[in-house]
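Residues per chain are reported as follows:
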Amino acid sequence: MTSIPSTQRKGFRAQLKKLRHLAQPFFLPLEQAEGWQFIGLLISLLFCVGGLVLVALTGLVSALQLLMPDLTEKYFGGVAGTISTIWTSWWGVAFSTLFLLGVAAFFAMRQQLRGRRWLHWLLLGAIVLMLLAVNGINAGIGFIARDLTNALVQKQQEGFYRILIIYACCFVFALPIRSMQFFFTQKLGIIWRDWLSRSLVADFMSNRAYYVLNPNDEQQTDVDNPDQRITDDTKAFTEESLQFTLGIFDAFLTFSLNILILWTISSELTLALFVFASFSTGLLVFAGRKLVKINFDQLRYEADFRYGLVHIRDNAESIAFYSGEEQEQQETSRRLGAVVKNFNLLIIWKVIINTMQKSTNYAGVFFPYIIMAGPYFAGEIDYGRFVQASFAFNMVESSLLFVVNRIDELAKFTAGISRLEGFQSKIIQVSQAAPDTSSIAVGRSSIVLNHADLMPPGADQPIVRDLCLSVDGNDKLLVVGPSGCGKTSLRRLISGLWPPSKGMVERPQTGELLFIPQKPYMILGSLREQLCYPTDESRFSDDQLRHVLEAVKLSTLASRYPDLDVKQDWPRILSLGEQQRLAFGRLLLNAPQFVVLDEATSALDVETEDHLYGLLAQRELAVISVGHRPTLKAFHNTVLELNCGDSWQLLPAASYEFGRS
């Protein structure tokens, strides 16, 4: 029997730890502040805001007493008396001490609040201030409702309309406060989302984490669909975190301002409410645990379904050429089926939870009537007091049942935390991991493979064994061999994406080494950015870019798009041959010392291929080409022949014959 609570406590602590890792860095750096310090500052924020509100309320009441003493005495005498009691008793010392402690806490943590984090706390403080103001108005409305009801019962027409005007003024004051609260909450939310998204993207792009993680493997549940986690999950997390945090603040303030009012009216009703709220919360939290797993799966299945549709959009032309609509429709239907099946399960549990929530809300309606009817009929309280008790009961009940009323949202939020924090932890682990550079030396003046074994990830046997070669200066190496023998994989070995399982690899630094694959990468950007990638486009003038386009025989592209800043869907607009010529334009602009071309002219005619390789021959750079065409031999002085069965040999290009047995 004791193992279940222990497991629940461990799961709760683990979830809080995940929440802290996601939320705290926005307000306090993890490496410079402990979790208790973060919570301490949140409490200190309440002390600071509470102190400011008390001072402001004291000034407001003092001004009303000077300007309208009779009106203040009649309708705000209780408030004025309470404030006077606070400042003339030990409560004033207590509130002042808490306020000073709150200010001291922020002063002590001032170093950790640098980097505009103070702005985040300032916005949060402003929101809490508005929550406190609205709750103060709500507490006052309880007294106004009491007097308004008694005026109706006693048929005091003049007093009724005077109180009604005060009642209306409360809403006039509350409306702009609520509007500003909404504005500041949305503003803080978008600042948080921007900060968190940029942080995740930075880690995702560091140390090739985007390459190490396999987002397309649906079995890798901790890293699936990174696009959805950085966009939808981040948006949902920041919005729901603020919603729940401010909701808890609001519930705490509502409880604090109304519990004493309710207790003074009826201690029996207050105790009954506590018992009822404790039972309902425990029951709903236990039932809601199932929703967390279902919501987690729903988020993943939705992301998988969306990725399948994006995949169809990105490969629309290839699917059309193959007439593969039926197969694509079947796969899309399979993904949609997973979404629908899990959502049907989610519906069942939501109905169960919703039924329990409605039962709790309906049951709460009867408590004030059952408990307060006796004192009312006995003449111990008037009807206005009865209405005030019901109003205070509803306010305290809503604060105590905050979790119960949002259990389905909390389950979805908890599932989102697990997905987002799991992704964050994984990319931080990869981005901050020290790469194994023992077999790769970067920054050398040549490309050297020293007894290197080329082994694909997860394989047991190398596809090329004990490879030795050196490329420097003006060397031109042509790599040939049958399909599947490792020609393209050699590019991954040189780049360091696949470290050698044995031996050493030496290569120049990144800026001096450029790789051009058979299908060049087309970025989401303008024609100017396409040409200059990955170099800063500001380095080149428009005349230079147009000259390069003419050099690679893309002058028609320059005339078609005279504005180099035009943005188009370039992979769809440009043929593969045009994309390959554009990649050569990049090569000429970036001017590296070494270039690796992997079937980079396969879509070009022989004449254009000769022209482009002629441009490379005019420059002082070393070339490694992977290709099948015999015409390539004329532009290289050495041939590396890879054979199936992990063997290889280096031959002079002049004596090498294509198609030999």
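Caption draft 1: Up close: the overall build of the chain. Regarding its fold elements, the chain presents 22 helices and 10 strands. Its C-alpha radius of gyration of 35 Å places the chain more than 25% over the 26 Å reference for a compact globule of 661 residues. Along the longest, intermediate and shortest principal axes, the C-alpha atoms of the chain span 115 × 55 × 45 Å. Expressed as a percentage of its 661 residues, the buried residues of the chain come to 42%. In the chain, the proportion of contacts linking residues at least 24 apart, taken out of those at least 6 apart, comes to 76%. Total accessible area on the chain stands at roughly 35000 Å², and carbon and sulfur atoms take up 61% of it.

Caption draft 2: Geometry of the packing of aromatic side chains. All chains considered together, the criterion is met by 17 aromatic pairs. The interplanar angle of 65° and the centroid separation of 5.7 Å between the aromatic rings of Phe26 and Trp195 together place this pair among those described as edge-to-face. Residue Phe26 is found in helix α1 (residues 3-27), and its partner Trp195 is found in helix α7 (residues 157-204); the two are separated by 169 residues along the sequence. For Phe26, a relative accessible area of 0% translates into the label buried. Given the relative accessible area of 28%, Trp195 is considered partly exposed. Summarising the aromatic geometry, the rings of Phe204 and Phe423 are spaced 5.8 Å apart at their centres and angled 55° between planes, so their arrangement reads as tilted. Pair noted here: Phe204 is in helix α7 and Phe423 is in helix α15 (residues 407-432), with a separation of 219 residues, a long-range link. Residues Phe204 and Phe423 agree in their burial class; the two are buried. Taken together, the aromatic side chains of Phe26, Phe27, Phe38, Phe106, Trp121, Trp192, Trp195 and Phe237 make up a single cluster linked through ring pairs. Between Arg110 and the ring centre of Phe107, over which it is positioned, the NZ or CZ distance is 4.2 Å.

Caption draft 3: View of the sheet that holds strand β6 (residues 513-516). One open sheet accounts for 6 strands, arranged β6-β7-β8-β4-β9-β10; its pairing is mixed. At either margin of the open sheet sits one strand with a lone partner, and together these are β6 and β10 (647-652). Taking each pair of neighbouring strands and ignoring which way they run, the sheet shows an average axis angle of 15°.

Caption draft 4: Highlighting helix α6 (residues 117-153). Between its terminal C-alpha atoms α6 stretches 54 Å, which fits the 54 Å expected from 37 residues at 1.5 Å a residue. Among the 37 residues in α6, 26 count as buried, and that is most of the element. Looking one or two residues past α6, Lys155 carries a phi angle of roughly 55°, positive in sign.

Caption draft 5: Quick peek at the sheet that holds strand β5 (residues 502-507). Within the open sheet, the 4 strands sit side by side as β1-β5-β2-β3. Their pairing is mixed. Each edge of the sheet is formed by a strand with only one pairing partner; in this case those strands are β1 (440-442) and β3 (464-471). Between one strand and the next, the sheet's axes are offset by a mean angle of 15°, whatever the strand orientation. Here strand β2 (residues 447-454) runs beside β3; their pairing, made up of 5 bridges, is antiparallel.

Caption draft 6: Geometry of helix α18 (residues 542-551). Within the span of α18, buried status applies to Leu545, Val548 and Leu549. Each buried residue of α18 lies within a common arc of 100° when the element is viewed along its axis, so the set occupies one face. Within α18, the exposed residues directed more than 90 degrees away from the buried face are Asp543, His547 and Glu550. Tucked inside the fold, the buried residues of α18 contact α17 (527-532), α19 (555-560) and α21 (576-590).

Caption draft 7: Just the pattern of salt bridges, in detail. Summed over the entire model, instances satisfying the criterion amount to 15 salt bridges. With its nearest N and O atoms 2.9 Å apart, the salt bridge here joins Glu331 to Arg335. Of this pair, Glu331 and Arg335 both sit in helix α12 (residues 325-377), 4 residues apart, roughly one helical turn. Exposure remark for Glu331: the relative accessible area of 30% places this residue in the partly exposed category. Overall, Arg335 belongs to the buried group, its relative accessible area being 12%. Here Arg528 makes a salt bridge to Asp542, at a shortest N to O gap of 2.6 Å.

Caption draft 8: Region of interest: a nonpolar patch on the surface. Taken together, the side chains of Trp90, Trp91, Phe95, Leu98 and Leu101 make up a nonpolar region of the molecular surface, amounting to roughly 520 Å² of accessible area. Its location among the elements puts Leu101 in helix α5 (residues 90-108).

Caption draft 9: Just the packing of helix α2 (residues 35-67) against α5, in detail. Here α2 crosses α5 at 130°, and the two axes come no closer than 8 Å. Classified by the angle their axes make, α2 and α5 are oblique. Handedness of the α2/α5 crossing: left-handed. For the pair formed by α2 and α5, the contact residues are Leu41, Ser44, Leu45, Phe47, Cys48, Gly51, Leu52 and Leu54 on the first element and Phe95, Leu98, Phe99, Gly102, Val103, Ala105 and Phe106 on the second. Here the residues of the contact of α2 with α5 are counted per class, giving 12 nonpolar, 3 polar and no charged.

Caption draft 10: Local environment of unusual backbone geometry. Of the consecutive residues Tyr533 and Pro534, the connecting peptide bond is found in the cis state with omega at 0°. Phi is positive for Ala591, which is not a glycine, with a value near 50°. Residue placement: Ala591 occurs in the loop between α21 and β7 (594-598). In this structure, Glu599 is a non-glycine residue whose phi angle is positive, near 50°. Within the fold, Glu599 resides in the loop between β7 and α22 (606-617).

Parameters and conventions
Residues numbered from 1 in each chain as written. Predicted model: local features only at pLDDT ≥ 70, side-chain atom pairs only at ≥ 80, totals over all residues. Heavy atoms only, no water. Helix = DSSP H or I, 4+ residues; strand = E, 2+ residues; numbered from the N terminus. Rg over C-alpha atoms; globule rule 2.2 N^0.38 Å. Buried < 20%, exposed > 50% of the residue type's maximum accessible area, 1.4 Å probe, protein only. Contact = heavy atoms within 4.5 Å. Areas by Shrake-Rupley, 256 points an atom, 1.4 Å probe, with all protein chains shown as cover. Phe/Tyr/Trp six-rings, centres within 6.5 Å; stacked < 30°, edge-to-face > 60°. Lys NZ or Arg CZ within 6 Å of the ring centre and 35° of its normal. Pairing = 2+ DSSP bridges. Axes fitted to C-alpha atoms, helices over the stretch in contact; angles between N-to-C directions. Expected span 1.5 Å × (residues − 1). Arc of directions from axis to C-beta. Salt bridge = Lys/Arg side-chain N within 4 Å of Asp/Glu carboxyl O. Patch = residues over 30% accessible without salt bridge, like charges linked within 9 Å, V, L, I, M, F, W, Y side chains within 5 Å. Parallel < 35°, antiparallel > 145°, perpendicular 65-115°, else oblique. Left-handed = near helix turned anticlockwise from the far one by under 90°. Nonpolar A, V, L, I, M, F, W, Y, C, P; charged D, E, K, R; others polar.

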